Amino acid sequence: MTGQRQGGFTLIELMIVVAVVGILSAIAYPSYQEYIRRGHRAEAKSALLQANQWMERAATAQGTYPTGALPAGLTTVPGDRYTISASSADGAAFTLTATPKGSQVGDRCGNFTLTNTGLRGANGATTGTIVTDCWGK
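This one's a predicted model, so the numbers in the text were calculated from it and none came from an experiment.

Caption draft 1: Highlighting the overall build of the protein chain. Each helix and strand in the protein chain was counted, giving two helices and four strands. For 137 residues, the compact-globule estimate of 2.2 N^0.38 gives 14 Å, and the protein chain exceeds it by more than 25% at 24 Å. Counting across all 137 residues of the protein chain, residues that qualify as buried make up 28%. At a minimum sequence separation of 6, the contacts of the protein chain that also span at least 24 residues come to 39%. Put simply, the protein chain shows about 8800 Å² of open surface, and 60% of that area lies on carbon and sulfur atoms. Side chains of the protein chain give 11 positive and 8 negative charges; the mean places of these two sets differ by 5 Å.

So, in structure tokens, the structure goes:
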């Protein structure tokens, strides 16, 4: 039985595989995290638009925008990543704000805002982040 060789991996081959997996995961994981955050941002924008519609319907019925808090169903976003709040001092105008919470706090877009005139904003966005990028994606 001379000349038979055992099959298997050498230590060098195993280390190469570990290095390749490490490099791929270092690239893929941050991209995956940004993909998940972008999905949460979409939910926040959708919730702001729903709250905006509610405010407009209330103004149509009452003649002015409500100055109190939003109804309970409109203050949270599915997944509980954002809190929606409204501010209207005199009933003539309002600003809706989606404030991130939990793992979404470090998001590059910060707080989403929407006014009665349709002006969209991202207060607290990181330097170099464009508001249209936050609202457009």
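There's more to say after this.
Caption draft 2: Summary view of a nonpolar patch on the surface. A cluster of nonpolar side chains, Leu11, Leu14, Met15 and Val18, forms an exposed patch at the surface whose accessible area comes to about 420 Å². For Leu11, a relative accessible area of 62% translates into the label exposed.

Caption draft 3: Spotlight on the nonpolar core. Of all hydrophobic cores here, the largest spans 21 residues; its most connected members are Leu48, Leu70, Ile84, Leu96, Ala98 and Phe112. Listing elements by their share of this core, those giving two or more residues are helix H1 (11–62), strand S1 (82–87), strand S2 (95–100), strand S3 (111–115) and helix H2 (131–136). Not counting chain neighbours up to four residues away, the residues in contact with Ala98 comprise Ala44, Leu48, Tyr82, Thr83, Ile84, Gly110, Asn111 and Phe112.

Caption draft 4: Representation of the pattern of salt bridges within the structure. Evaluation of the coordinates by the stated rule reveals four salt bridges. Measuring nitrogen to oxygen at the nearest pair gives 2.5 Å for the salt bridge that ties Asp107 to Arg41. Residue Asp107 is located in the loop between S2 and S3, and its partner Arg41 is located in helix H1; the two are separated by 66 residues in the primary sequence. No difference in accessibility class separates Asp107 from Arg41, as the two residues are buried. Measuring nitrogen to oxygen at the nearest pair gives 2.8 Å for the salt bridge that ties Lys101 to Asp80.

Caption draft 5: Summary view of the packing of aromatic side chains. One pass over the structure, following the stated rule, counts three aromatic pairs. Measuring from centroid to centroid gives 4.7 Å for Tyr65 and Phe94, while their planes differ by 75 degrees, and the two rings are edge-to-face. One end of the pair, Tyr65, is in the loop between H1 and S1; the other, Phe94, is in the loop between S1 and S2, with 29 residues separating them in the sequence. Each member of the pair, Tyr65 as well as Phe94, carries the same accessibility label: buried. With a centroid separation of 5.4 Å and an interplanar angle of 85 degrees, the aromatic rings of Phe112 and Trp135 are classed as edge-to-face. With Phe112 in strand S3 and Trp135 in helix H2, the pair connects residues that are 23 residues apart, well separated along the chain. Under the relative-accessibility criterion, Trp135 is labelled buried at 10%.

Caption draft 6: Representation of the sheet that holds S3 in the model. Pairing in this open sheet of four strands is antiparallel, and the strands run S1-S2-S3-S4 from one edge to the other. Unpaired on one side and paired on the other, S1 and strand S4 (120–123) mark the two borders of the sheet. Neighbour-to-neighbour, the strand axes of this sheet turn through a mean angle of 20 degrees, independent of strand direction. Judged from the four bridges that link them, S2 and S3 form a sheet pairing that is antiparallel. Its bridge partner lying in S3, Leu96 is registered against Leu114. Where H1 meets the sheet, its contacts fall on S1, S2, S3 and S4, and the angle it forms with S3 comes to roughly 25 degrees.

The rules behind each value
- Residues numbered from 1 in each chain as written.
- Predicted model: local features only at pLDDT ≥ 70, side-chain atom pairs only at ≥ 80, totals over all residues.
- Heavy atoms only, no water.
- Helix = DSSP H or I, 4+ residues; strand = E, 2+ residues; numbered from the N terminus.
- Rg over C-alpha atoms; globule rule 2.2 N^0.38 Å.
- Buried < 20%, exposed > 50% of the residue type's maximum accessible area, 1.4 Å probe, protein only.
- Contact = heavy atoms within 4.5 Å.
- Areas by Shrake-Rupley, 256 points an atom, 1.4 Å probe, with all protein chains shown as cover.
- Lys, Arg positive; Asp, Glu negative; His and termini not counted.
- Charge placed at Lys NZ, Arg CZ, Asp CG, Glu CD.
- Patch = residues over 30% accessible without salt bridge, like charges linked within 9 Å, V, L, I, M, F, W, Y side chains within 5 Å.
- Salt bridge = Lys/Arg side-chain N within 4 Å of Asp/Glu carboxyl O.
- Core = buried A, V, L, I, M, F, W, Y, C linked by side-chain atoms within 4.5 Å.
- Phe/Tyr/Trp six-rings, centres within 6.5 Å; stacked < 30°, edge-to-face > 60°.
- Pairing = 2+ DSSP bridges.
- Axes fitted to C-alpha atoms, helices over the stretch in contact; angles between N-to-C directions.

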